[in-house]
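One-letter residues, chain by chain:
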Amino acid sequence: MITFKRYPHIQDLFEHYARHTQRQDILDLLAHGVHNPAEAETLCRFAWHMAELINTDEEQGNEVLGSTDNTDMLADLSYEMTLYMKSVGFYATWERVSNEEMG
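From a predicted model like this one, the values you see are computed outputs, not experimental measurements.

About the cut-offs
- Residues numbered from 1 in each chain as written.
- Predicted model: local features only at pLDDT ≥ 70, side-chain atom pairs only at ≥ 80, totals over all residues.
- Heavy atoms only, no water.
- Helix = DSSP H or I, 4+ residues; strand = E, 2+ residues; numbered from the N terminus.
- Rg over C-alpha atoms; globule rule 2.2 N^0.38 Å.
- Buried < 20%, exposed > 50% of the residue type's maximum accessible area, 1.4 Å probe, protein only.
- Contact = heavy atoms within 4.5 Å.
- Areas by Shrake-Rupley, 256 points an atom, 1.4 Å probe, with all protein chains shown as cover.
- Lys, Arg positive; Asp, Glu negative; His and termini not counted.
- Charge placed at Lys NZ, Arg CZ, Asp CG, Glu CD.
- Phe/Tyr/Trp six-rings, centres within 6.5 Å; stacked < 30°, edge-to-face > 60°.
- Lys NZ or Arg CZ within 6 Å of the ring centre and 35° of its normal.
- Core = buried A, V, L, I, M, F, W, Y, C linked by side-chain atoms within 4.5 Å.

Enquirer: Would you mind going over the overall build of the protein with me for this structure?
Expert: Scanning the protein from N- to C-terminus turns up five helices and zero strands. Traced from its N-terminal end to its C-terminal end, the protein shows the element sequence α-α-α-α-α. Here the C-alpha atoms of the protein give a radius of gyration of 13 Å, agreeing with the 13 Å that 2.2 N^0.38 yields for 103 residues. When its C-alpha atoms are laid out on the principal axes, the protein stretches across 35 × 30 × 25 Å. Each of the 103 residues in the protein was classed as buried or not, and the buried ones make up 38%. The long-range share in the protein, meaning contacts at least 24 apart out of those at least 6 apart in sequence, stands at 65%. When the accessible surface of the protein is split by element, carbon and sulfur atoms take 49% of a total near 5700 Å². Treating the 7 positive side-chain charges of the protein as one cloud and the 18 negative ones as another, the clouds have centres 9 Å apart.

Here it is in structure tokens:
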């Protein structure tokens, strides 16, 4: 199971957006963790997609987890993804995907 320790609300965001977008694969990764490069890629890409969804919800005034603006959690998301990907040996995947998504 993936556990985000410093910012546990990131777990709530992942679960919310995985359910909202009907991504059972993401819920499965949250439950079982990342074990291979393909899973790492999937989780990293979803984290970036989730960042887009957080921004869209803020722009549209949609309430998520009791707030209409969760953009302040984006830094927490980056921190937790970096920490988790380092812990499972896929930090390079996170860096590559992040560079692609920002480019």
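Let us keep going from here.
Enquirer: Quick question: what am I supposed to make of the packing of aromatic side chains here?
Expert: The description of an aromatic ring pair rests on the distance of the ring centres and on the angle between the ring planes. The full count for this structure, using the stated rule, is four aromatic pairs. Consider the rings of Tyr7 and Tyr79, whose centres lie 5.6 Å apart with planes at 85°: the pair is edge-to-face. Here the residue Tyr7 occupies a position in the segment before α1 (9-20), and Tyr79 occupies one in helix α4 (residues 74-87), the gap between them amounting to 72 residues. By relative accessible area, which is 33% here, Tyr79 ends up partly exposed. In this structure, Arg6 is placed above the aromatic ring of Tyr79, and the distance from its NZ or CZ to the ring centre is 5.1 Å. Above the plane of the ring of Tyr91 lies Lys86, whose end atom (NZ or CZ) is 4.9 Å from the centre.

Enquirer: Just checking my understanding: could you explain the nonpolar core for this structure?
Expert: Taken as a class, soluble globular proteins show a tendency for nonpolar side chains to be buried jointly. Core analysis: the biggest nonpolar cluster contains 30 residues, and Phe14, Val34, Leu43, Met81 and Met85 have the highest contact counts within it. Sorting the residues of this core by element identifies α1, α2 (24-32), α3 (37-60), α4 and α5 (91-102) as the ones contributing at least two each. Element by element, the count of residues in this core is highest for α3, at nine residues. Apart from residues no more than four positions distant in its own chain, Met85 is found in contact with Val34, Ala40, Leu43, Cys44, Phe90, Tyr91 and Trp94.

Enquirer: Help me out: how do you make sense of the environment of Met85 in this one?
Expert: The residue Met85 is located in helix α4 in this model. When its relative accessible area of 0% is taken as the criterion, Met85 is described as buried. When the C-alpha atoms of Met85 and Cys44 are compared, they prove to be 8.9 Å apart, with 41 residues separating the residues in sequence.

Enquirer: Looking at this structure, how should I read the side chain of Gln11?
Expert: Mapped onto the fold, Gln11 is located in helix α1. Overall, Gln11 belongs to the buried group, its relative accessible area being 10%. In contact with Gln11, not counting residues within four places along its chain, are Met1, Ile2, Thr3, Phe4 and Leu30.

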